[in-house]
Amino acid sequence: MRGLWFKIIRLLRNHPHFQITLMTADRKAGQSIESVFPHLVTQDLPNLVAVKDADFSAVDAVFCCLPHGTTQEIIKSLPTNLKIVDLSADFRLQDIAEYEEWYGQPHKATALQKEAVYGLTEISRREIQSARLVANPGCYPTSVQLPLIPLIKSNLIEVRNIIIDSKSGVSGAGRGAKEANLYTEIAEGIHSYGITRHRHVPEIEQGLSEAANSKVTVSFTPHLMPMSRGMQSTIYVEMAPGVTTQDLKDHLGNYYEHEEFVVLLKNKEVPHTRHVRGSNYCLMNVFPDRIPGRAIIISVIDNLVKGASGQALQNLNLMMGIPENLGLDCLPLFP
Ligand SMILES: NC(=O)C1=CN([C@@H]2O[C@H](COP(=O)(O)OP(=O)(O)OC[C@H]3O[C@@H](n4cnc5c(N)ncnc54)[C@H](OP(=O)(O)O)[C@@H]3O)[C@@H](O)[C@H]2O)C=CC1
Ligand SMILES: CC(=O)N[C@@H](CCC(=O)OP(=O)(O)O)C(=O)O
């Protein structure tokens, strides 16, 4: 288990309006939370129960942190008055055929899929406010789409030849015991994976294509880094004729001027993953390439916060009509 829900518990601990009344599990149903996550021993939280035994009568909203595929059927069975933020990928892709192709399984809740709103908060805030079911974006797609969508919408970059090099901390791969994630396999080296076939490709292309009003394809290569959390996307783009890197910077600066969690760095400051660790911030900046007409965009997030539980809470705040930043007011952990 990646235990995304314990990151949500950490954020909810500081939330003035939400209270945790129910927590579900599968194999660990019946256990106390501290037997699963000993660091939560100080918290007064309910024991874990199986979904089939769960009583939702005192529940207004749910964070669904289940494996892909499992989520569809479980959400279908929940009371329809619940607001739901789903952290799996089950409702992210609007095109069911594309979901089935990339996830290798039939979609079992196609009607719910039509209702779901893709929850990239700063881009789709209005739709999220009135949604009942929000599909929380993947971590890589969050780090990539936040800088690219505003630039594509304003035709400042060409949509051909977008090259994305992303790097993630190991927590993105989950808490489950896997040989590939052993310390000796990960430490003191990096490697690429999912080359040309990572399941976040269709999610990134979906968001960029919608911004461009035409089909956009990208080259995307993720890398695993020997760090527990953090994500950087380095994105190489071709600018539209006559556009400069300063134009890209000005546009992103204006677009995110009033956003609390998305920040364009000044001058030539380089975004570092260590500067967003444990926080809901996305830091970005734009640099001129040596090749005329090209620019390099760097964005960083904490994959577990803005890339998962933080954005999920930001979305639920919006859905409940309360200030978007409640519970998210945590500074990065540094050093
Ligand atoms: N950007 C984002 O929003 C991110 C989303 N994710 C996604 O979030 C989801 C949760 O991730 P992670 O914590 O690693 O997931 P896990 O695969 O470890 O499962 C998490 C929880 O689901 C429960 N569970 C598993 N199967 C069932 C079932 N059949 N019925 C009921 N409960 C079940 C588990 O219970 P038990 O342990 O008791 O068996 C556990 O509590 C995944 O879909 C993941 O891909 C992950 C990272 C980032
Ligand atoms: C480092 C690592 O393995 N990262 C995960 C991506 C994070 C994630 O879980 O994304 P979803 O929300 O789409 O599941 C991976 O590449 O599969």
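Every value quoted in this text rests on a predicted model; they were computed, and no experiment measured them.

**Quick notes on the overall build of the protein chain**
In step 1: Within the protein chain, the secondary structure is distributed over 11 helices and 13 strands.
In step 2: Its C-alpha atoms give the protein chain a radius of gyration of 20 Å, within 12% of the compact-globule value 20 Å for 335 residues.
In step 3: When burial is assessed residue by residue, the protein chain has 53% of its 335 residues classed as buried.
In step 4: Taking contacts inside the protein chain between residues at least 6 apart in sequence as the whole, the part at least 24 apart equals 68%.
In step 5: Put simply, the protein chain shows about 15,800 Å² of open surface, and 51% of that area lies on carbon and sulfur atoms.
In step 6: Each charge class in the protein chain was averaged separately, 32 positive and 35 negative side chains, and the resulting centres sit 3 Å apart.

**Observations concerning the nonpolar core**
In step 1: Formed by 38 residues in total, the largest nonpolar core has its most connected members in Leu-148, Ile-162, Leu-208 and Leu-248.
In step 2: Counting residues per element, the ones that place at least two in this core are helix H7 (139-153), strand E7 (162-168), helix H9 (200-212), strand E9 (218-224), strand E10 (231-238), helix H10 (245-255), strand E12 (282-288) and strand E13 (294-301).
In step 3: Residue contributions to this core reach at least three from each of two domains, namely domain 1 (4-137 + 306-319) and domain 2 (139-304).
In step 4: Those residues in contact with Leu-208 that lie beyond four places of it in its chain are Gln-145, Leu-148, Ile-149, Ile-152, Ile-162, Val-216 and Val-218.
In step 5: Core analysis: the second largest hydrophobic core is formed by 24 residues, Val-117, Leu-304, Leu-316 and Leu-328 among them.

**A look at unusual backbone geometry**
Most of the time, phi is negative for any residue but glycine, and the peptide bond is trans.
In step 1: Of note, the bond from Phe-334 into Pro-335 is cis; its omega dihedral lies within 30 degrees of zero at 0 degrees.
In step 2: Of note, Pro-335 is situated in the segment after helix H11 (305-319).
In step 3: Located in the positive-phi region is Glu-188, a residue other than glycine, with phi close to 60 degrees.
In step 4: Here Glu-188 lies in the loop between helix H8 (183-186) and strand E8 (191-192).
In step 5: Judged by its relative accessible area of 79%, Glu-188 falls in the exposed class.
In step 6: With a phi angle near 45 degrees, Asn-267 is a residue other than glycine that sits in the positive phi range.

What counts, and where the lines are drawn
Each chain carries its own residue numbering, running from 1 in the written order of its sequence. Both sets of labels track the order of writing: A upward for chains, 1 upward for ligands. This being a predicted model, a pLDDT of at least 70 is required before a residue's local features are given, and a value of 80 or more before pairs of side-chain atoms are given or counted; all residues contribute to the totals for chains, interfaces and linings. Only hydrogens and water are set aside; all other atoms, that is, all heavy atoms of the structure, feed into the side-chain values. Here a strand is any run of E in DSSP of at least two residues, a helix any run of H or I of at least four, and the numbering for each starts at the N terminus. Between the two quantities, the radius of gyration covers C-alpha atoms and the globule rule is 2.2 Å times the number of residues to the power 0.38. Think of it in three bands: residues with accessible area under 20% of the maximum for their type are buried, residues over 50% are exposed, and the middle band is partly exposed, with areas taken using a 1.4 Å probe on protein chains only. Two residues form a contact once any of their heavy atoms are found within 4.5 Å. Under the convention used here, a 1.4 Å probe and the Shrake-Rupley method define accessible areas, while residue burial counts only the protein chains that appear. Counting rule for charge: Lys and Arg are taken as positive, Asp and Glu as negative, and neither His nor the chain ends is counted. Working definition for charges: the position is that of NZ of Lys, CZ of Arg, CG of Asp or CD of Glu. Only buried Ala, Val, Leu, Ile, Met, Phe, Trp, Tyr and Cys residues count toward a nonpolar core, and they belong to the same one when joined by side-chain atoms within 4.5 Å. Residue ranges labeled as domains rest on an automatic or database domain assignment.

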